[in-house]
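Listed below, chain by chain, are the residues.
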Amino acid sequence: MKPSTFCHRPHVALFLVLLLAGMFLTGCWDRRDIEQRSLVSAIGIDKGAAGDYLISIQVPIPNQIAGSTGTGGGGGGEAYRVITSTGDTLMEGLNNLQKRTNQMIFVGHTRVIAISEEVARENMASIIDGLRRKSSFRRLLWPIVVHGEARNLLTFSPKLEQLPTVFVMDQLKTSSKLGILPKLSLGDMYIAMSKTTEEPIAYYAHVSKEDIQLDQLAVFRGNRMVGHLNAHEIIPLIHIRNQRNGPDVTVPIDPEKNVFVTFHPKKTKTRINTRFEEGKPSFQIRIRMDGSITESTHKEIINPVRWMNEVEQATAAYYEKLAKKTLQKLQKEYQADILRLGTLFRGRYPEAWKKIDCWQTLFSNAEIQVAYDVRIRQTGLEKR
Amino acid sequence: MAEPGSQSNIAQRVNVAKEETPYVIAPRQVTAILSCTLIGMGVLTLPRIASHWAHEAGWMSVLLGMFMAMFGIGLISSLGQRFVGQTVVSYSRQLLGGKTRPRLGVVLSFPILISLAGIWLADTSMITRAFSEVIMAAVLENTPMNVILFLMLATAMYLAMHEAEVIARVNELLFPLIVIPVLLLTLISFQNARWNNLLPLFPVDWRAFFISLLATSVFYKGFEMMLVFSAFTQPISAARRAQFVGIGIPALLNTLITLAAIAVFSYEELERLMWPTLELATSTEIPGLIFERVEAAYLAVWVAAIFTAISNFYFATAKILQETFRIRHHQWIVLGLFPLLLWLSNLPAHVYQVFHWIEILGYLSVLLWLGFPLILWLLAQIRLREKNGNRRTDHPGQ
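Residues numbered from 1 in each chain as written. Chains lettered and ligands numbered in written order. Predicted model: local features only at pLDDT ≥ 70, side-chain atom pairs only at ≥ 80, totals over all residues.

Some remarks on the overall build of chain B
Where we set the bar: Under the DSSP-based scheme used, a helix requires at least four consecutive residues in state H or I and a strand at least two consecutive residues in state E, with every element numbered from the N terminus. Our radius of gyration looks at C-alpha atoms and nothing else; its globule reference is 2.2 Å times the residue count to the power 0.38. Any residue with 12 or fewer other C-beta atoms within 10 Å of its own C-beta is exposed, any with 20 or more is buried, and the rest are partly exposed; the C-beta atoms used are placed from the backbone. We call two residues in contact when the distance between their C-beta atoms, placed using the backbone, is within 7 Å.
A count of helices and strands for chain B gives 15 helices and zero strands. Taken over C-alpha atoms, the radius of gyration comes to 22 Å for chain B, in line with the 21 Å a tight globule of 398 residues would show. By its C-alpha atoms, chain B is 70 × 45 × 40 Å across when sized along the principal axes. Looking at the 398 residues of chain B, the share that counts as buried comes to 50%. Contacts spanning at least 24 positions in sequence make up 83% of the contacts within chain B whose residues lie at least 6 apart.

Below is the structure:
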């Protein structure tokens, strides 16, 4: 690059060099060493006695995590510390917490947000606003509604990991990979809250001192929690909403004679057709599942092919029964469309969508038929 | 290779032979200049604006907005081919004044050229300001805004002080560094896409779609810089093709980004996001944990895109002013404009005012690049016919 005659003048060049040297000053104001930050690995939100919020944060202690070899002992052990403070909103709570910690709070590494059921049932809008605006809160957080106090999720000691948050994170990752739970992030909740066609869901946990039971989902309508779905009711939800395999099911073929078969789904194909007749939407859902048998407790040796057909039909009937129960709960009791059927309906019938005012009432009256078609492909190592 | 002082006074050599004027910008560099400028323009807020009126069909209005830009650049490139080696300053004076009254041309073209320079100046400052808003919201929260503005403008000023050849080379260098990461990120973000969010395909009526088209064509502004850069471009047909490609690449990228944003978020959520593309980068996970925070790389790439956009506009403004006022070196103008730009960038009080300004500037520049080159082109056609008509009467046997 040839410099022009203009730039040959020395003082101009010096001036420009000084300008460029100033480039290295960018970020001075925001530079913070990692030892000068209080990392927050989980946040818990409870309802306070005075009608405000109790915000708890779990701050890991790096020295303990790096050096300790044995287990920490009881809750609130040596690897982390949980601090709680009050506030009228999430941000006020965090600011009050800042006054009690020695370093600047940094929420960029937060992975889990625990909300108590009381707060979720009341109204989540103000908390969601606080989480959205701050850029450090990532959209990939796991949102968990806790039965009871949210702080318990931050203080329970699972003994398999040093930080309960890491345990919960891994559990959710494994569960969503196995298909036991749908993969659900805070971003998904935001999207479902903004959309008029579907309702948000969150994980629902029961926490005890050493254990966490994380196999249920909390159902929301708008910003309020209206109920939850237990482990069996989630199965059709995963098939319809996420079109994934779902967990293994143990089908009672003949409960009196103690004959059960465990079916492990490997491939799921969901087809949803929607029709709009006489002002009432109807959905025909056909789910085709291919899988294998991992366990069968029958005693007699029978014709294997006929037996497989029997099992296929029994499994399909079992699934359909579960789906009916789930739909009954969602349509009649909660009136919340968490199956994303509204999105599909709006896509197919946009004109009709514009005329309706409340999708929830239409959804609760909609006719939804679920038909399962189960095929067994493998039966494992035993030939019987 | 150009000699140092030869490019600075193109305006004084109006009818020069081809061998004397240096054509330093190759067609590939033309594509790079156009693409780098257009990508930096609105990639951060485009999905929201596109889906505001057109809802699920926002990506279609982005794609169709490309045609308006193609039309504009078609006019500009044919003007550039007609008047080889001249910037808009000299040929607009010729066209508006005619051979008989050159002074009239100077007077008539003066307000248009000044308004062109003014709009580019405002564009530069508004893009810088929008960039600093994003940086302050997402990355550097405690840094004073003026520091970010100053450093960005200072770097752009340093580049704008050089000759067109240097600017073309910098654009050519940064072009793959910008396009490839943005493309990769967009394709990866489709992993979270839910295709039902894109249905129905035609959700709004023609009126709303047309308004959406107007709103998104604003994001293609920046190509009218070719009015200045075409003076340095090689006058071969590949350069004309390159200009269309230079619009097509950012159009494709913008369409993909809008498609991804609508598919991942749905248009209702997009309304609530201030910077949708940034949020798209935040929600993307690259499996394997090699790179967990994709948005860091994305922001770095975007800084480069904004930098090229700003310095291109800056250079074009300085060139126009240099030739209008017959100043020897455009570097003095670059230096003199710097405090003005800084002041302009500080004017809006908050981010909503920045959006408002960008919108108004967008409409003004659409008017300018649809109106002004069209008028010039029509005049050029008229004068050409006049010239041909005169020749025919001279040789009646033809």
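Some remarks on the overall build of chain A
Tallying secondary structure elements over chain A gives 13 helices and 14 strands in all. Against the globule reference of 21 Å for 384 residues, chain A gives a C-alpha radius of gyration of 27 Å, more extended than a compact globule. Along the longest, intermediate and shortest principal axes, the C-alpha atoms of chain A span 95 × 60 × 55 Å. Among the 384 residues that make up chain A, the fraction classed as buried is 36%. Looking at chain A alone, contacts between residues at least 24 apart form 69% of all its contacts between residues at least 6 apart.

Observations concerning the sheet that holds strand 9 (residues 212-221) of chain A
All names here are of chain A. In plain terms, the rule: At least two DSSP bridges between two strands are needed for those strands to be called paired. Here, axes are lines fitted to C-alpha atoms. For helices the fit covers the stretch in contact, and angles between N-to-C directions go from 0 to 180 degrees.
Pairing is mixed across the open sheet formed by eight strands, whose spatial order is 4-3-2-6-7-8-9-10. A strand with exactly one partner marks an edge of an open sheet, and here the two such strands are strand 4 (80-87) and strand 10 (224-229). In this sheet, adjacent strand axes meet at a mean angle of 30 degrees when their direction is disregarded.

Considering the domain arrangement of chain A
All names here are of chain A. Let me state the cut-off plainly: Domains are outlined according to an automatic or database domain assignment. Amino acid classes used here: Ala, Val, Leu, Ile, Met, Phe, Trp, Tyr, Cys and Pro are nonpolar; Asp, Glu, Lys and Arg are charged; the rest, including Gly, are polar.
Taken domain by domain, chain A consists of domain 1 (34-226) and domain 2 (232-378). Placing a centre on the C-alpha atoms of domain 1 and another on those of domain 2 gives a separation of 32 Å. No other element matches strand 9, which puts four residues into the side of domain 1 that touches domain 2. Each residue belonging to the side of domain 1 that touches domain 2 can be placed in one class, and the counts come to nine nonpolar, three polar and three charged.

Comments concerning the nonpolar core
Definition in use: Linking buried Ala, Val, Leu, Ile, Met, Phe, Trp, Tyr and Cys residues through C-beta atoms within 7 Å yields a set, and such a set is a nonpolar core.
With 210 residues, the main nonpolar core has Ala114(A), Ile144(A), Val145(A), Ala202(A), Tyr203(A), Ala218(A) and Val219(A) as its most contacted residues. With 16 residues, helix 13 (residues 294-324) of chain B is the largest single contributor of residues to this core.

What to know about unusual backbone geometry
In this structure, Pro200(B) follows Leu199(B) across a cis peptide bond, with omega equal to -5 degrees. In this structure, Pro200(B) sits in the loop between helix 7 (164-189) and helix 8 (206-217). Positive phi values are uncommon outside glycine, yet Lys159(A) reaches one of about 65 degrees. Positive phi is not limited to glycine here, since Gln243(A) has a value of about 55 degrees. Following the sequence through the fold, Gln243(A) ends up in the loop between helix 9 (231-242) and strand 11 (249-254).

Description of the packing of helix 5 (residues 102-138) of chain B against helix 6 (residues 145-160) of chain B
All names here are of chain B. Cut-off, in case you're wondering: Oblique is the label for any angle not under 35 degrees, not over 145, and not in the 65 to 115 range, which are roughly parallel, roughly antiparallel and roughly perpendicular in turn. Crossings are classed by handedness, with left-handed meaning an anticlockwise turn of the near helix from the far one by less than a right angle and right-handed meaning a clockwise turn.
The contact between helix 5 and helix 6 brings their axes to 9 Å, and the two run at 130 degrees. By the angle class used here, helix 5 and helix 6 are oblique. The two elements helix 5 and helix 6 meet at a crossing, and its hand is right-handed. Two secondary-structure elements touch here, helix 5 through Thr-128, Arg-129, Phe-131, Ser-132, Ile-135 and Met-136 and helix 6 through Met-145, Ile-148, Leu-149, Met-152 and Leu-153. Residues of the contact of helix 5 with helix 6, tallied by class, amount to eight nonpolar, two polar and one charged.

Side note on the interface of chain A and chain B
Each partner contributes residues to the interface: chain A has 28 residues there, and chain B has 31 residues. The set of elements that each furnish at least two residues to the side of chain A that touches chain B consists of helix 1 (10-21), helix 8 (186-194) and helix 11 (341-348) of chain A. Of the residues assigned to the side of chain A that touches chain B, the class counts are twelve nonpolar, eleven polar and five charged.

Description of helix 2 (residues 46-54) of chain B
Residues and elements named next belong to chain B. Of all nine residues that make up helix 2, eight are buried, and the element is covered over most of its length. When we look at burial in helix 2, the residues that qualify are Leu-46, Pro-47, Arg-48, Ile-49, Ala-50, Ser-51, Trp-53 and Ala-54. Looking at the buried side of helix 2, the elements it contacts are helix 1 (27-42), helix 3 (58-82), helix 8, helix 10 (237-265), helix 11 (267-272) and helix 12 (276-283). Looking one or two places after helix 2, you find His-55, whose phi comes out positive at around 50 degrees.

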